[in-house]
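Structure at a glance
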Amino acid sequence: MNSAKAEEYLRKIKEGQVPSHVAVIMDGNGRWAKKRGLPRIAGHKAGLHTLREIINCADEIGIKIMTFFAFSTENWKRPPLEVRFLMSLPEEYLQKDLPALMEKNAVVKVIGNYNRLPRRTLNAVSHALQATRDNTGLIVIFALNYGGRAEILEAVRNIAAKVARGELTPDQIDEQLLADHLYTGGIPDPDLLIRPSGELRLSNFLLWQMAYTELWFTETLWPDFKREHFLEAILEYQKRDRRFGGIKK
Ligand code: FPP
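Residues numbered from 1 in each chain as written. Predicted model: local features only at pLDDT ≥ 70, side-chain atom pairs only at ≥ 80, totals over all residues. Heavy atoms only, no water.

The next thing to look at is the overall build of the protein chain. In terms of regular secondary structure, the protein chain is built from eight helices and six strands. When the helices and strands of the protein chain are read in sequence order from the N terminus, they spell out α-β-α-α-β-α-β-α-β-α-α-β-β-α. Taking 18 Å as the expected radius of gyration for a compact globule of 249 residues, we find that the protein chain reaches 19 Å, a close match to that expectation. Reported as C-alpha extents along the three principal axes, the dimensions of the protein chain are approximately 60 × 55 × 35 Å. Across the 249 residues in the protein chain, those meeting the buried criterion constitute 47%. Sequence-distant contacts, at least 24 apart, represent 77% of the contacts inside the protein chain between residues at least 6 apart. (Helix = DSSP H or I, 4+ residues; strand = E, 2+ residues; numbered from the N terminus. Rg over C-alpha atoms; globule rule 2.2 N^0.38 Å. Buried < 20%, exposed > 50% of the residue type's maximum accessible area, 1.4 Å probe, protein only. Contact = heavy atoms within 4.5 Å.)

Right under this line is the structure:
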């Protein structure tokens, strides 16, 4: 796709409403590397460039929240070398890109279970959270050691503990209360999910939050995913008719 096409997309997008929150499963790095006879970690490295390009584009078109699936609770099953490399990426990214994120007035957030994260990853995360907490621009959320079912379980356990302590009664438990106990408490649900690489599933990502999210899939692998693809997804989203289970007025 040429950049003239991207500019045409951009013009059309500006006529409509951009989604507030876009979630992305950054998939296909391993296949991208394999196709080139490279080690899988080369694919993850290339994926980091795509991440930067998409954050810039999201900021440019006025999206408020971007959530990226960076490491799932199931990714620990990968070879130790790959796991170690994947765990070093947040550190590399957050250190190198913090000045650029600050310049964008961006807020960094991390969702997931912090328990198994290596000390160095945790340090980089807490530094970025701290440094950007008072910013008011684009919110960039990384799902790290994240699993949707684990998130719901943790929320249910916390709610049950409150009931056991007498702080809540069972009839006070409603959808809002459960949502507030998720890692994403206070953050609106994604409007759009983008999944590259031809896989057509949610893979345990934001299961509760994506009940009414529009899904957009592409065969393009994440390292090949460019600004044009992102704009194409946004434009496609603008054509969707979102009824949230209701009917058109
Ligand atoms: C899935 O591709 C991708 C990942 C498990 C990791 C993606 C992470 C990044 C691109 C960088 C993260 C950066 C930060 C700042 C947290 P895959 O390996 O499953 O690809 P495959 O399905 O082709 O094997």
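On to the site of the ligand, then. In the vicinity of the ligand, 20 residues are found, and the nearest of them are Met 26, Gly 30, Arg 31, Arg 40 and Arg 78. For the ligand, an oxygen atom lies 2.7 Å from a polar atom in the side chain of Arg 40. Summarising the interface, the protein chains cover 91% of the accessible area of the ligand, which totals 630 Å² for the free molecule. Among the secondary structure elements, those contributing two or more residues to the shell around the ligand are α2 (29–35), α3 (40–61) and α4 (80–103). Element by element, the count of residues in the shell around the ligand is highest for α3, at five residues. A class-by-class count of the residues in the shell around the ligand yields ten nonpolar, six polar and four charged. (Near = heavy atom within 4 Å. Polar contact = N/O pair within 3.5 Å; in protein donor to acceptor, adjacent residues only side chain to side chain. Areas by Shrake-Rupley, 256 points an atom, 1.4 Å probe, with all protein chains shown as cover. Nonpolar A, V, L, I, M, F, W, Y, C, P; charged D, E, K, R; others polar.)

What follows covers the nonpolar core. Counting 50 residues, the largest nonpolar core has Val 22, Leu 51, Met 66, Phe 68, Phe 142, Ile 194 and Phe 230 as its most contacted members. Among residues more than four places away in sequence, those in contact with Met 66 are Val 22, Val 24, Ile 54, Ala 58, Leu 138, Ile 139, Val 140, Ile 141 and Phe 230. Ile 111, Tyr 146, Phe 205 and Leu 206 belong to the second largest nonpolar core, which has 13 residues in total. (Core = buried A, V, L, I, M, F, W, Y, C linked by side-chain atoms within 4.5 Å.)

Right, let's get into unusual backbone geometry. Its identity as a non-glycine residue notwithstanding, Asn 145 has a phi of 50 degrees, on the positive side. Positionally, Asn 145 belongs in strand β4 (residues 139–146). With a phi close to 50 degrees, Ser 203 is a non-glycine residue in the positive phi region. If you trace the backbone, Ser 203 turns up in the loop between β5 (192–195) and β6 (214–217). The partly exposed category is assigned to Ser 203, whose relative accessible area is 28%.

Moving on, we get to the side chain of Thr 184. Within the fold, Thr 184 resides in the loop between α7 (175–180) and β5. In this view, Thr 184 contacts Ile 111, Glu 151, Leu 206 and Gln 209; residues no more than four positions away in its chain are not counted.

Let us look at the confidence of the model for the protein chain. Averaged over every residue, the pLDDT of the protein chain is 96; the share at 70 or more is 99%. For the protein chain, helix α1 (residues 3–15) is the element with the lowest average pLDDT, namely 92, and strand β1 (residues 21–25) is the one with the highest, namely 99. (pLDDT = per-residue confidence, 0-100.)

The N-to-C vectors of α3 and α4 enclose an angle of 30 degrees; their axes lie 11 Å apart at closest approach. Relative to α4, α3 is oriented roughly parallel. α3 and α4 meet at a crossing whose hand is right-handed. Where α3 abuts α4, its residues Arg 40, Ile 41, His 44, Lys 45, Leu 48, Leu 51, Arg 52 and Ile 55 lie against Glu 82, Phe 85, Leu 86, Leu 89, Glu 92, Tyr 93, Lys 96 and Asp 97. Class assignment for the residues of the contact of α3 with α4 results in eight nonpolar, one polar and seven charged. (Axes fitted to C-alpha atoms, helices over the stretch in contact; angles between N-to-C directions. Parallel < 35°, antiparallel > 145°, perpendicular 65-115°, else oblique. Left-handed = near helix turned anticlockwise from the far one by under 90°.)

This paragraph deals with the environment of Ile 13. When you line up the elements, Ile 13 lands in helix α1. Between the C-alpha atoms of Ile 13 and Gln 238, which are 225 residues apart in sequence, the distance is 7.7 Å. In this structure, Ile 13 is in contact with Val 18, Leu 231, Ile 234, Leu 235 and Gln 238, ignoring residues within four places of it in sequence.

This paragraph deals with the packing of aromatic side chains. In total, this model carries nine aromatic pairs according to the counting rule given. With 5.8 Å between their ring centres and 80 degrees between their planes, Phe 69 and Tyr 146 make a pair best called edge-to-face. With Phe 69 in strand β2 (residues 65–72) and Tyr 146 in strand β4, the pair connects residues that are 77 residues apart, well separated along the chain. Assessed through its relative accessible area of 0%, Tyr 146 is described here as buried. Centre to centre, the rings of Tyr 146 and Tyr 183 are 6.1 Å apart; their planes meet at 65 degrees, and the pair counts as edge-to-face. Here Tyr 146, found in strand β4, pairs with Tyr 183, found in the loop between α7 and β5; they are 37 residues apart in sequence, far enough to count as distant. (Phe/Tyr/Trp six-rings, centres within 6.5 Å; stacked < 30°, edge-to-face > 60°.)

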